[in-house]
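Fold and contact review
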Amino acid sequence: MKDVSFGQYYPTKSFVHNLDPRFKIVFLIAYIVAIFLAKNFYGLAACTGVLILIVLFSRVPLGKVLRSVRGVLFLVIFTAALNIFFHPGEEVYWNGPAVYLSYGIIHVTQAGIVFSLFLVLRLVLLVTCASMLTYTTTPVSLTDGIESLLTPLKWVRFPVHAMALIMSIALRFIPILMDETERIKNAQKARGADFERGGLFKKVRGFVPILVPLILSAFRRADELGDAMDARCYSSGKKRTKYKKLRFTWRDLIGFFVMAALIAGVVVMRIYLGAPL
Amino acid sequence: MRIVAEHLSYTYNAKSPFSATALRDVSLTIEEGEFFGIIGHTGSGKSTFVQHLNGLIRTPSSLKRKKKRKAGEQETTLTVGEYDLTNKKTNFRALRRHVGMVFQYPEYQLFAETVKADVAFGLKNFADKKLTEEEIDEAVRAALEVVGLDFEEIKDASPFELSGGQKRRVAIAGVIVTRPEVLILDEPAAGLDPLGKREVMELLHRLHKDWCKTVIIVSHDMDEISENCTRAAVFEEGQVRYVLPPAQLFEKSDELIEMGLDVPLTAKLVKLLRERGVEIACDFTTEGFLQAVLAYYRERKGAAQ
């Protein structure tokens, strides 16, 4: 029971939490489109503004939001370094030489610095917005949303409902299996198992006493769940009702306007404001 | 090994939205040689407490303890024999050799291909040197025999082919094979039929008599506690409410029932008799109850004549 929390859902009540998951997924896609439509810093500034609004209205602590960037920190640094050192260009954005250093294929230019800043900002916005979705939406309602959005695929006989069911069962079982792992690990530790000592081979072999009972238990649980579902005559073919019906509300309408304004704004800025970049 | 815990507190997932306090300022001493019972609701902190006893859950580091002392809170102590569990440098593996732990449904931790290999797992882990095949055979044979299984018959069987009761006994053998001084069992009889329950309790008595000095059981079943334990602790919401011998503990039947706990059958009978004006005093074991009732009956008979 070391880590009951799983994924990164941050439980609280807020405007963003209450949005329809379908809308949030669509918004994320629109936001990504907006980021890539933005050709200059004005566009990205608009995206940043909207993201700040989302963070403010979601009541997720800023520290948590920033932590989501940590996962891609290496990618961010790598992208920045690549563009600072290898981007040739003659543009001048501030007082000083356009080219700081030019040696072989290495070029440190003003254009390169600006461009790498641009890319880094893009990446950070992308990752942060995506994790805002998972911070404010439980895995279960995320699955519901995906299922609902994929409904059109039913027309081509794609088993949308079964897929969604598999996904939500898998999600539901992750914390249970994590709990189980912890318990089995403790039981074997009590019998003197050591998961830290020894070389790689010994370490890998050390996991057998955890993996065997864990896999057995997963199969046992799967069997039991299947029986329980059969006993209640579950079938995915029939038209099913939902315990929690997804419903668009006035919040989603506001969100929709924000989304439309963002896209429109970015497109306008792309056309009428060329520089910088 | 004497177990001393003072001012022990523990919070799961501290500093997160999921934080849950499991123990609040628990102080408890368990003497060597006791058959100690721990009772409480689900979530009362009893499992968290016993997992502290072999270091599977650690007490806060000394740094945090210093802060605590400055804040004027009492300092935590937790010792098992000569092992100080509040010290990070304690050799926890050596401790675990002396404090055996049988988890709930221990049969789910079986993993090896043969019963012998599974029982020998802990033995090999704790051994200071490489054991010879004869030494392993001897220890495994003894452990299987004490749990009531025949070594020759069962050693090469797969643990997954056995019956439920047999699996559980193999799992218990896998813990006691290192001859721990303290044996902790979390709900040892859970999920067994009445016969299986009785066998497990008989096994625990056998173990307590000549295998492990101290036995600690966590249980929901009050009859198990009243019949077997020298003393029992009642946990409620992470705190210890009572630590008493069963004879005194179950005098507080009403308080226990108010806490949502059960009482042994004997305590229920004593209560019903009292309501009908029959005052008997007993230690709440079946035998003690019968003696008390018989004594009362003889007294009445003597008075009538």
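Since the model is a prediction, treat every value here as computed from it, not as a measurement. (Residues numbered from 1 in each chain as written. Chains lettered and ligands numbered in written order. Predicted model: local features only at pLDDT ≥ 70, side-chain atom pairs only at ≥ 80, totals over all residues. Heavy atoms only, no water.)

Time to look at the overall build of chain B. Scanning chain B from N- to C-terminus turns up 13 helices and 10 strands. Pairs at least 24 apart in sequence give 64% of the contacts found in chain B among residues at least 6 apart. Taken as a whole, chain B presents about 15000 Å² of accessible surface, with 49% of it coming from carbon and sulfur. Treating the 42 positive side-chain charges of chain B as one cloud and the 47 negative ones as another, the clouds have centres 7 Å apart. (Helix = DSSP H or I, 4+ residues; strand = E, 2+ residues; numbered from the N terminus. Contact = heavy atoms within 4.5 Å. Areas by Shrake-Rupley, 256 points an atom, 1.4 Å probe, with all protein chains shown as cover. Lys, Arg positive; Asp, Glu negative; His and termini not counted. Charge placed at Lys NZ, Arg CZ, Asp CG, Glu CD.)

Our focus in this paragraph is the sheet that holds strand E5 (residues 83-84) of chain B. Sheet architecture is open: four strands sit in the order E2-E1-E4-E5 (chain B), paired in antiparallel fashion. At either margin of the open sheet sits one strand with a lone partner, and together these are strand E2 (20-30) and E5 of chain B. (Pairing = 2+ DSSP bridges.)

The subject of this paragraph is the nonpolar core. Proteins that are soluble and globular tend to have nonpolar side chains buried together. All names here are of chain B. Residues Val119, Leu144, Ile176, Ile217 and Phe250 are the most contacted members of the largest nonpolar core, which totals 59 residues. Residue-level mapping places this core at the junction of two domains, with at least three residues from each of domain 1 (3-252) and domain 2 (264-305). Core analysis: the next-biggest nonpolar cluster, separate from the first, contains 31 residues, Leu53, Val80, Val99 and Val218 among them. (Core = buried A, V, L, I, M, F, W, Y, C linked by side-chain atoms within 4.5 Å. Buried < 20%, exposed > 50% of the residue type's maximum accessible area, 1.4 Å probe, protein only. Domains from an automatic or database assignment.)

Take a positive patch on the surface next. On the surface, a cluster of positive charge is made up of Lys154, Lys239, Lys245 and Arg247 of chain A. With respect to the secondary-structure elements, Arg247 of chain A resides in the loop between helix H9 (208-231) and helix H10 (250-272). (Patch = residues over 30% accessible without salt bridge, like charges linked within 9 Å, V, L, I, M, F, W, Y side chains within 5 Å. Salt bridge = Lys/Arg side-chain N within 4 Å of Asp/Glu carboxyl O.)

A few words now on the confidence of the model for chain A. For chain A, per-residue confidence averages 86 on the pLDDT scale, and 95% of positions sit at 70 or higher. By mean pLDDT, helix H8 (residues 200-206) of chain A is the weakest element of chain A at 80, and helix H1 (residues 21-37) of chain A is the strongest at 94. (pLDDT = per-residue confidence, 0-100.)

All names here are of chain B. Across the sheet, which stays open at both edges, the six strands sit in the order E6-E7-E8-E3-E9-E10 with mixed pairing between neighbours. With partners counted over all chains shown, the strands left at the sheet margins are strand E6 (99-102) and strand E10 (239-244), one partner each. Strand-to-strand twist of the sheet, defined as the mean angle between neighbouring strand axes without regard to direction, takes the value 15°. Here four bridges tie E6 to strand E7 (residues 182-186), and the two strands are oriented parallel to one another. Paired with Val102 across the bridge in E7 is Leu185. Sheet strands touched by helix H7 (residues 164-176): E6 and E7. Its angle to E6, the strand with the most contacts, is close to 165°. (Axes fitted to C-alpha atoms, helices over the stretch in contact; angles between N-to-C directions.)

Moving on, we come to the packing of aromatic side chains. In this structure the tally under the stated criterion is 12 aromatic pairs over all chains. Look at Phe41 of chain A and Phe118 of chain A: their rings are 5.5 Å apart centre to centre, the planes differ by 85°, and that puts the pair in the edge-to-face class. Placement of the pair is Phe41 of chain A in helix H2 (residues 41-58) and Phe118 of chain A in helix H5 (residues 110-136), with a sequence separation of 77 residues. Judged by relative accessible area, which is 4%, Phe118 of chain A ranks as buried. Cation over ring: Arg220 of chain A sits above Tyr108 of chain B, and NZ or CZ is 3.7 Å from the ring centre. A cation sits over an aromatic face here: Arg58 of chain B above Phe92 of chain B, 3.8 Å from the ring centre. (Phe/Tyr/Trp six-rings, centres within 6.5 Å; stacked < 30°, edge-to-face > 60°. Lys NZ or Arg CZ within 6 Å of the ring centre and 35° of its normal.)

Right, let's talk about the domain arrangement of chain B for a bit. Residues and elements named next belong to chain B. Under the domain assignment, chain B is made up of domain 1 (3-252) and domain 2 (264-305). For domain 1 and domain 2, the distance between their C-alpha centroids amounts to 35 Å. In this assembly, domain 1 packs against domain 2 so that about 710 Å² is buried in total across both faces, 53% of it on carbon and sulfur atoms. Broken down residue by residue, the surface that domain 1 buries against domain 2 is led by Glu227, Phe250 and Glu251, which jointly contribute 53%. Counting across the domain 1 and domain 2 interface gives one salt bridge. Between Arg274 and Glu251 there is a salt bridge whose closest N-O contact spans 3.6 Å. Seen at the junction of domain 1 and domain 2, the total is three residue pairs in polar contact (both at pLDDT 80 or more). Those elements that provide at least two residues to the side of domain 1 that touches domain 2 are helix H9 (222-228) and helix H10 (246-249). For the side of domain 1 that touches domain 2, the leading source of residues is H9, giving four residues. In the side of domain 1 that touches domain 2, the residues fall into four nonpolar, one polar and three charged. (Buried area = accessible area lost by both parts, 1.4 Å probe. Polar contact = N/O pair within 3.5 Å; in protein donor to acceptor, adjacent residues only side chain to side chain. Nonpolar A, V, L, I, M, F, W, Y, C, P; charged D, E, K, R; others polar.)

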